[in-house]
Amino acid sequence: MIGSGAAFAELDKISKSLEVPRGKEKIVVQVGQCSHAVGGQDYMESIVDNFSQAYEILEGGCDGACFAAPRATCPASSSTSDINESLWALRGVESDTFEEFTESVDRFFAGQFRITLNDVGQLSWNGLRDYIESGGFKGLASALNRLPQEIIDVVSDSGLRGRGGAYFPVGDKWRSTLSFSNHDSPTQVIINAEEGEPGVFKDRHLMEGMPYRVIEGALITAYAVSARDIYIYVNAEAELSYERLSYAVNNCIENGLVGNNILGTNIGLNVHLMRGAGGYVCGEESTLINTMEGKRREPRLRPPFPTEAGLHDLPTVINNVETICTLPFIVKEGLGALSTVGTAGVSGTKIVSLSGAIDRPGVAEVQMGTSLRSIIELIGGTRIEGNISAVAVGGPSSGILPTRKLDLNVGPGFIDGKNVMIGAGGIIVLGINSEPLRMTALLSQYNSDESCGKCTPCREGTPRIYSLLREMEGLGDVALSEKLKRLCITVNSASLCGLGQAAGNPALSYLEYFAEERLHSGD
């Protein structure tokens, strides 16, 4: 029996109905967007050809060790077993020895604390029974055995904050939405899976590798705020994420986990998948809503905020994929389980996306309060001194840090107290010969290209920021630096939405940490 209560009894019934004869050990082949690029599908076919008679071959998502793709494991065997060595040998990729390869992968995971990413890559992405057997949907069943207000209290007391970049307390957002909701204005739920910023790919790993957890978290959210409809807004280019979520949603509908009377209760919850309209600005909440309503891809004036007047002017909760994927753990294990992870001020974990000049790029989950230095050196496997010139943190809405500032910790807000924030968790490492000014210009160019053009400060200011940075690439001029600083402050202060309000941050961080050194160098 999975647990106690009517919902648990129904979940146990669903699990048994999905039972299939198990006489073979499993091999899980990790096929995600990252492994597709290095022959993951061909690797899957090769494993089927060589091992399907003796093993059950399952397709999973990438567990985050993108640097090791393509990769397959036999979870029941040790990482150094003969079968795992045979799977490694089939990769056909020139690399280190098997022992060195295994050690590198083990070190990548050793510094992590996995809650949201737990079991990703170890279970098949499409196996509903495997997900239930591993504890999946127990959080939902537990929620359905309680009142919605109790779930809000548990989530609020756990200290969970949004993981999309703003880190707003989830419980407060839910309560705010309910304060505007009534019979004539029912609450709507949107899961923001747009994830359009450069250097961030964490949500795709969750959608590709654990779509049932995304659905479970969304259902818990909807139940807590008394919503009936859930809209998952997926980036237009995230083909694999959309494909796997679509399969998982249909499978849940067929098995009574989505739709009317979920898990034998009188609760009805519907899940709708939607494709993004394209563009970085679509990740901004009001822009996202506009595109869902068929309107122009641009932000709305606020207030009112979406919690008061969101989708179709109804009270709307908008949560990020990473945020909701933490909910099953909180509801199942209790608020104390998350509050003991992280720091006294910010509980839980954060998923970071590692890329650039780093030995072990991929997706890692760390405790709040973990230093950037330990992420880069222990998880990423790259010694900072002598190898790195700077690190771009948090995407185009944040900035660039010099190596002397990498003891700063993962957390909400401006981690340097000025212009740099973790945001959605992108960490792009610049090699020792890379020029921070060039990276700053690229980030600013991206903001300029992605501006929707609605407000004058962003429309006119972001291209000017970029052009001034290009001028600085050829000149070391104090007056130019002052002009750029004033422009960035103006754009940040006067723009309408989050894109423009943070568009000056990359240049401001460069001026703070690198400009003076460059001026004195005479470059």
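For the structure itself, consult the block above.
What follows covers the nonpolar core. In this structure, Phe137, Trp174, Leu219, Ile230, Ile232 and Leu263 are the most contacted members of the largest nonpolar core, which totals 65 residues. A per-element tally of this core places helix H11 (residues 211-224) first, with 9 residues. Not counting residues within four places of it along the chain, the set of residues in contact with Leu263 comprises Ala6, Ala7, Glu10, Leu11, Ile14, Leu140, Ala141, Leu144, Gly256 and Leu257. Residues Ala68, Ile358, Ile379 and Ala441 belong to the second largest nonpolar core, which totals 57 residues.

Our focus in this paragraph is the environment of Gly386. Inspection of the secondary structure puts Gly386 in the loop between helix H17 (372-379) and strand E10 (388-393). In this structure the C-alpha to C-alpha distance between Gly386 and Thr177, which are 209 residues apart in sequence, comes to 50 Å.

Ordered in space as E6-E5-E4-E7, the 4 strands form an open sheet in which the pairing is parallel. Either end of the sheet is taken by a strand with one partner, and the two such strands are strand E6 (270-275) and strand E7 (316-320). On average, each strand axis in the sheet is tilted by 20° relative to the strand beside it, whichever way the strands run. Of the pairings in the sheet, the one linking strand E5 (residues 229-234) to E6 comprises 6 bridges and is parallel in character. Residue pairing for E6: Tyr233 is matched across the bridge by Met274.

Once that is clear, we can look at the sheet that holds strand E3 (residues 71-73). Pairing between the strands of a sheet comes from backbone hydrogen bonds, and it takes one of two forms, parallel or antiparallel. Strands sit in the order E2-E1-E3 across an open sheet of 3 strands; the sheet is mixed. On the outer flanks of this sheet lie strand E2 (55-60) and E3, each paired with one strand and no other. Ignoring strand direction, the axes of neighbouring strands in this sheet form an average angle of 25°. Pairing of strand E1 (residues 25-30) with E3 involves 3 bridges; the strand directions are antiparallel. Following the sheet pairing, Val28 is matched in E3 by Thr73.

Rules used throughout
- All residue numbers here refer to positions counted from 1 along the written sequence of the relevant chain.
- For this predicted model, a pLDDT threshold of at least 70 governs which residues receive local features, and a threshold of 80 or more governs which side-chain atom pairs are given and counted, while totals over whole chains, interfaces and linings are taken from all residues.
- Excluding hydrogens and water, the side-chain figures rest on all heavy atoms present in the structure.
- We call a set of buried residues a nonpolar core when its members are Ala, Val, Leu, Ile, Met, Phe, Trp, Tyr or Cys and they connect through side-chain atoms within 4.5 Å of each other.
- Burial classification: accessible surface area is computed with a 1.4 Å probe over protein chains only, and a residue below 20% of its type maximum counts as buried, one above 50% as exposed, and the rest as partly exposed.
- Comment: elements are numbered from the N terminus, with helices defined as DSSP H or I runs of at least four residues and strands as E runs of at least two.
- Here a residue-residue contact requires only that any non-hydrogen atoms of the pair lie within 4.5 Å.
- The rule for pairing is simple: two strands pair if DSSP sees at least two bridges between them.
- Note on definitions: angles span 0 to 180 degrees between N-to-C directions of axes, and those axes are lines fitted to C-alpha atoms, for helices only across the stretch in contact.

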